[in-house]
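# Structural description and commentary
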Amino acid sequence: MLQRILLITILILTVLSCTKTTRHVDLKSPSIIPAPQSLQVNDGYFTFHENTSFRFDPEFPMAGKFLLDHFDKMGFDELNDYDDKEDNYIYLKFNEEIDSTEGYRMKIDPERILIHARTDAGAFYAVQSLIQLFPILNDKDEIHLPALTIEDEPRFKYRGMHLDVSRHMFPVAFIKKYIDAMAMLKMNNFHWHLTDDQGWRIEIKQYSKLQEVAAYRDSTLLGHYNDTPHKYNTTRYGGYYTQDEVREVIAFAKARHINIIPEIELPGHAQAAIAAYPELGCANKDVNVATEWGVFDNIYCPNPETFEFLENVLDEVAALFPSPYIHIGGDEAPKTQWKQSVIAQRFIKENGLKDEYELQSYFIKHFEKYLASKGKKIIGWDEILEGGLAKDATVMSWRGMQGAIDAAKKGNDVIMTPTSHCYFDYYQSDDENEPLAIGGFLPLEKVYGFNPIPDELSGEEITHVLGVQGNVWTEYMPTTDQVEYMAFPRMLALSEVAWSPVEKRDYNLFVNNLEVMLPRLDAMDIKYANHLYVIEGNLNEDQEYELSTKTLGKEIRYTTDGTEPNTNSTIYESPIPFKENMIVKAQVFDNAQPLGRLFSQEFLYHKGVGATITINHPPHKSYSGSGANGLINGIVGSDTRYGDKEWLGFWGDDLEIEIAFDEPTEVNEIQLRFYHAPGQWIYSPKSYDLHLETKMGRISDRVFIPKGNENLITYKYNSERFKGYEDMMFYKLELIIPNYGTIPDGAQGAGNKAWTFIDEIIIK
Ligand code: ACM
């Protein structure tokens, strides 16, 4: 009996395998971003063609329609309804047993594609995964999809992208395109930054001057804010979204399971509104809509006119947006005018407030209560913690993670958007030819490596981390192309942080999936940045330089003599020893085809290389570069990107750095490099102390750093003090570098601790 069963089984298998081998089918290996919780490839494939039938349960109107529309676009516009008889079908099936409200299960078999979900959102995300399994453009009558099983659900319930439309404004069609891309990546919250100093962008029916005055500025800063003297484009700039347009965008987003959170900034970033209605301000003077970037002193005054205005504005906003949340800003609200204003001071006294910080908190709590009466909750930037946090506010932590940690410990919900990992207005490559950006350095891999759950949180506190958000501030993005260049592909990396389980996060795999995804972005006409074929360099512990690239099946060729590599250059197979000054130039090749940009790294074999270094504080987690050794590794950091692997960032710490030479060393010159970018709260120290140890004792000196407005302060020390010590051998160098201190009033980040950024200490 057993033998007969075996024989029949073998016969069936033979027949099956014969039918399969009669035609050759190319199956793409499945590649989905964000990576699903689990994906298992099975034997066989499903064939999609014009006779495939399709059905979705009534619980899934949006998911079903979205997939139907997609089939239409692919040229399959007359699929049959599946009626339980056909043997080649796609079915979105309601299943109450799926646990997760946004999760789904998908099984692709040779006969059918069966999707189970409990909600339209879950089915919609299954549809997004399925679409990524289909070819981008269909030019065939039949499409083959590999048999597989996917079980999927999101890691975080808040998966957001922000867009600033005040600094620059973008057409409704673009907002929809941005939302479409978010939907593809299973993101579910669009944070629309609608008001700021440089323009008010939402129609408010009760206040016509918001449309006539606050929506336009007379000129716009040209070039970078740090370039002085400032130059301007004097063309009037602006516009606003009508309430009808807003409704249209909301409906478009809703059909993609995206909630839109409007941001109406208060009490700071209010200059455009005050320009239209000067009585809302505290300074008793006319102001214009801001024409350059930064933080301005103009702030709403706590007078009856302001509260009435903001309540009326929020009435219209709350009625327009179905979002359970309204964002009320709260960031960067300078207290200067309140300190000087009789009205503000009287308000502080009459309401028993301690100071201007409690006044800021009063504003936030007032509007939290007001919006609660309309069934809305508030979100605010982490400054809303200052002066006391509103009870039910959700905190968006942008100045690092501390705001989120403090808020979650108090029991408030938090959303993680730290500048270090989530600010897509930062540079993404250290290539000097990158288009102008605000500063910073946030390459794709750093976004991908973001851990939104800080070690400081545990148990119940962790449940308050709702999720993550990427922020796109548009001071330096005047066009939609530029927004796309900055947002993509970093948005894809963040989508995996937001959606995929930690154990599924694998940067190498992501990059290879991204390579598959790029033609899909091309088809969507998204002008993404392509740094896919970058070469990474790493100096290992044996003082050898390692090169790598993330995409598979490519080779790296390199030179060390400064010439450009070509197809005859050495193929990189093992690390390159670093024993003298050299320049490594390298290029990725796919067969003979060069890909991506030329990689170039200069090495300076100075006297500090190979010495032993200690620093009294570890660098800040977000800016830890290559650790202390990175300061004497022979590699100088970027002159324009303080977030690269060479710069170390310290927030408020006074530093003591000790460099011990392996053997007595003659020292003629010491060069220190500090980053100086007050706009990003980074200040070079005012002075530092230097001690050199010899057998005969120490020589010490205090070095004053001249004030500059350069990005980079390079300071060479070869003082007179070395005179007479020419023959002296040194054992140890000690550097005492005090932090700049508190950022002064009037500067960006006033009142916060300054950052110190230091890179290579070059010893000659
Ligand atoms: C912010 O970047 N000012 C929230």
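Treat the numbers as computed from the prediction; the structure is a model and nothing was measured. (Residues numbered from 1 in each chain as written. Predicted model: local features only at pLDDT ≥ 70, side-chain atom pairs only at ≥ 80, totals over all residues. Heavy atoms only, no water.)

### Quick look at the nonpolar core
Within the largest apolar cluster, 211 residues are counted, with the highest numbers of intra-cluster contacts made by Leu130, Tyr178, Trp192, Trp200, Tyr300, Phe309 and Leu547. Among all residues touching Leu130, those that are not within four sequence positions of it are Leu67, Ile90, Met106, Ile108, Ile113, Ile115 and Leu145. Counting 30 residues, the second-largest nonpolar core is a separate cluster that includes Ala611, Ile657, Tyr688 and Leu690. (Core = buried A, V, L, I, M, F, W, Y, C linked by side-chain atoms within 4.5 Å. Buried < 20%, exposed > 50% of the residue type's maximum accessible area, 1.4 Å probe, protein only. Contact = heavy atoms within 4.5 Å.)

### Things to note about unusual backbone geometry
A cis amide bond, omega 0 degrees, links Ile33 with the succeeding residue Pro34. For Pro34, the location among the structural elements is in the loop between helix H1 (2–21) and strand E1 (38–48). Going from Leu266 to Pro267, the amide bond is cis rather than trans, its omega being -10 degrees. Along the chain, the position of Pro267 falls in the loop between strand E16 (259–266) and helix H7 (271–276). The phi dihedral of His257 falls on the positive side, at around 60 degrees, and the residue is not glycine. (Helix = DSSP H or I, 4+ residues; strand = E, 2+ residues; numbered from the N terminus.)

### Here's the deal with the pattern of salt bridges
Following the criterion strictly, the structure yields 31 salt bridges and no others. For the salt bridge of Arg673 with Asp639, the shortest nitrogen-to-oxygen distance reads 3.0 Å. In this pair, Arg673 sits in strand E34 (residues 670–675) while Asp639 sits in the loop between strand E31 (612–615) and strand E32 (648–651), placing the two residues 34 residues apart along the sequence. A residue is classified by how much of its surface remains accessible, and Asp639, at 39% relative accessible area, is partly exposed. Between Glu693 and Arg698 there is a salt bridge; the shortest N-O distance is 3.2 Å. Residue class for Glu693 comes out partly exposed when judged on its relative accessible area of 24%. (Salt bridge = Lys/Arg side-chain N within 4 Å of Asp/Glu carboxyl O.)

### Some remarks on the packing of aromatic side chains
Under the counting rule described, the total for this entry stands at 54 aromatic pairs. A connected cluster of aromatic rings, assembled from ring pairs, spans Phe170, Phe174, Tyr178, Phe190, Trp192, Tyr241 and Phe321. Just above the ring of Tyr91 sits the side chain of Arg55; from NZ or CZ to the centre is 4.7 Å. Above the plane of the ring of Tyr623 lies Lys446, whose end atom (NZ or CZ) is 4.5 Å from the centre. (Phe/Tyr/Trp six-rings, centres within 6.5 Å; stacked < 30°, edge-to-face > 60°. Lys NZ or Arg CZ within 6 Å of the ring centre and 35° of its normal.)

### As for the pairing of E16
The element E16 is largely enclosed, with a buried count of eight among its eight residues. Because side chains alternate across E16, one face comprises the buried residues Asn259, Ile261, Glu263 and Glu265, and the other comprises Ile260, Pro262, Ile264 and Leu266, equally buried. Note: strand E9 (residues 189–193) against E16, five bridges, orientation parallel. Residue pairing in the sheet places Trp192 in a bridge with Pro262 of E16. Pairing of E16 with strand E17 (residues 325–329) involves two bridges; the strand directions are parallel. Looking at E17, one finds that Leu266 is bridged to Gly329. (Pairing = 2+ DSSP bridges.)

### Comments concerning the side chain of Ser129
Structurally, the position occupied by Ser129 is in helix H3 (residues 120–133). Engagement of the side chain of Ser129 in a polar contact is seen with the side chain of Lys186, the distance being 2.8 Å. Setting aside anything within four residues of it in sequence, one finds Ser129 in contact with Ile32, Tyr104, Met106, Asp152 and Lys186. (Polar contact = N/O pair within 3.5 Å; in protein donor to acceptor, adjacent residues only side chain to side chain.)

### Points about the environment of Phe296
Note that Phe296 resides in the loop between H7 and helix H8 (304–320). Along the primary structure Phe296 and Asp197 are separated by 99 residues, whereas in three dimensions their C-alpha atoms are 7.7 Å apart. Apart from residues no more than four positions distant in its own chain, Phe296 is found in contact with Asp197, Gln198, Gln271, Ala290 and Pro334.

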